[in-house]
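Chain by chain, the residues run as shown.
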Amino acid sequence: MDKELLILGIETSCDETAAAVIKNGKEILSNVVASQIESHKRFGGVVPELASRHHVEQITIVIEEALREAKVTLADIDGIAVTEGPGLVGALLVGVNAAKALAFAHHIPLIPVHHIAGHIYANRLITELKFPLIALVVSGGHTELVYMEKHGAFKVIGETLDDAAGEAYDKVARTLKLPYPGGPHIDRLAQQGNPVIDLPRAWLEEGSYDFSFSGLKSAVINTLHNAEQRGDVIASEDLAASFQASVVEVLTEKTLRAAKEYDVQQVLLAGGVAANQGLRTALQEAFQTLAEIELIIPPLNLCTDNAAMIAAAGSVLFEQGKRGKMDMNAYPGLDIENF
């Protein structure tokens, strides 16, 4: 590459306002994230209107900080990558309009990015991707197995039919009276307990790569309520461990089976729930005997929503010649296969 490719990434799909600068698609020069967790914690979940207002307050500050940390100006930037969807429409619009304004004012190409593609490409900030590959995407709103034959080509081979894994974690956490976001609290509690409670595994029909966690969530709630009616006490750490064991076993087994069936070179873990220690450990143990398949797990700071991942995906799209237009909008239900 004769010239360094510098991409500014902007991410506002949910409750993190983020901006980052990435060099040549792989090197992080800056990655700034303003979290809203404290604002939403008292409501037990993300309040869309509140999230949008926070994005409006933070977006300019975060972008300026990302450029300052990277020691570059907008004159150095080759492209502006921004999350187009999926996500909360009001939140997405803040990032999209900020990106359009900067692109228009400074004559910089605009690059729309799919949020889940960003999570997948966070792994390229660790190592080069090798195709074909499968990505296990596990987040608050998404649980998917995505097959890729080449850069920018996504085929969903399995997805959740109801609750995503992250949603199930948050709902079980509320049942156990744990703070929002529930995933990290369940994960920590599970490390202290034993999976001694028999909870269902939703394998679905034979050969399916789809997921279902609604029944598991209901089973946890029913187990607690039944125990209360009998006057029994169930150790929260054992219930957390049993719930996590069910989720992790299904995710791991289906990913392992898909990796073998599709004869892939790499398996990537992606999404906010990729920070879950139980899942990370189970995948490492499952794939350690398969020397021909490389398992890539991103560091914790690249699992949750951030703009470095958006810039990483945007770098690939930029090199493929894909550009956004000034009539670009936010698409909360954007499909990754048709992206």
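The shown structure was predicted, so the numbers you read here are calculated from the model rather than taken from an experiment.

Criteria and thresholds
Residues numbered from 1 in each chain as written. Predicted model: local features only at pLDDT ≥ 70, side-chain atom pairs only at ≥ 80, totals over all residues. Heavy atoms only, no water. Helix = DSSP H or I, 4+ residues; strand = E, 2+ residues; numbered from the N terminus. Rg over C-alpha atoms; globule rule 2.2 N^0.38 Å. Buried < 20%, exposed > 50% of the residue type's maximum accessible area, 1.4 Å probe, protein only. Core = buried A, V, L, I, M, F, W, Y, C linked by side-chain atoms within 4.5 Å. Contact = heavy atoms within 4.5 Å. Axes fitted to C-alpha atoms, helices over the stretch in contact; angles between N-to-C directions. Left-handed = near helix turned anticlockwise from the far one by under 90°. Nonpolar A, V, L, I, M, F, W, Y, C, P; charged D, E, K, R; others polar. Pairing = 2+ DSSP bridges. Parallel < 35°, antiparallel > 145°, perpendicular 65-115°, else oblique. 1 Å grid on protein atoms, 1.4 Å probe; cavity = no way out; pocket = protein on both sides within 12 Å on 5 of 7 lines; lining within 4 Å. Points joined across faces, edges and corners; volume = space filled by probe spheres on them.

**A closer look at the overall build of the protein chain**
- Within the protein chain, the regular secondary structure consists of 10 helices and 10 strands.
- Relative to a compact globule of 339 residues, whose C-alpha radius of gyration would be 20 Å, the protein chain shows 20 Å and is just as compact.
- A principal-axis box enclosing the C-alpha atoms of the protein chain has dimensions of 65 × 45 × 30 Å.
- Here the protein chain, with 339 residues, has 55% of them falling under the buried criterion.

**So, the nonpolar core**
- Counting residues in hydrophobic clusters, the biggest one holds 49 residues, and the most contacted among them are F243 and F287.
- Elements represented by at least two residues in this core include exactly β6 (133–138), β7 (143–148), α5 (165–175), α6 (182–192), α7 (214–230), α8 (236–261), β9 (266–270) and α9 (277–287).
- In terms of residues, this core owes the most to one element, α8, which gives 11 residues.
- In this structure F287 touches T255, L256, A259, V267, I293 and L295, once residues within four positions along its chain are discounted.
- Within the second largest apolar cluster, 37 residues are counted, among which are A20, A81, I120 and I310.

**Quick look at the packing of α8 against α9**
- At their nearest, the axes of α8 and α9 sit 10 Å apart, and the two run at 35° to each other. Every pair of crossing elements has a handedness; the one defined by α8 and α9 is right-handed. Note on element contacts: α9 touches α8 through G278, L279, A282, L283, A286 and F287, opposite Q244, V248, L251, T252, T255, L256 and A259.
- Class assignment for the residues of the contact of α8 with α9 results in 9 nonpolar, 4 polar and no charged.

**Regarding the pairing of strand β8 (residues 155–159)**
- Note: β7 against β8, 4 bridges, orientation antiparallel. Note on β8: the bridge partner recorded for L145 is G158.
- Joining the antiparallel neighbours β7 and β8 is a turn of 6 residues, in which G152 adopts a positive phi near 80°.

**Some thoughts on the packing of α5 against α6**
- In the contact formed by α5 and α6, the axes pass within 8 Å of each other and the chain directions differ by 70°. Between α5 and α6, the angle is such that the two are roughly perpendicular. Of the residues in α6, those in contact with Y169, D170, V172 and A173 of α5 are G182, G183 and I186.
- The residue inventory of the contact of α5 with α6, partitioned by class, reads 4 nonpolar, 2 polar and 1 charged.

**Considerations on empty space enclosed by the protein**
- Evaluated as defined, the whole model comprises 3 cavities of 30 Å³ or more.
- Volume-wise, the largest cavity comes out at about 50 Å³.
- In terms of lining, the largest cavity is formed by V113, A117, Y121, G152, F154, A313, V316, L317 and F339.
- Of all the secondary-structure elements, those providing two or more residues to the lining of the largest cavity are α4 (115–121) and α10 (307–319).
- Per element, the largest residue contribution to the lining of the largest cavity is 3 residues, and it comes from α10.
- Among the residues making up the lining of the largest cavity, the classes are represented as 8 nonpolar, 1 polar and no charged.

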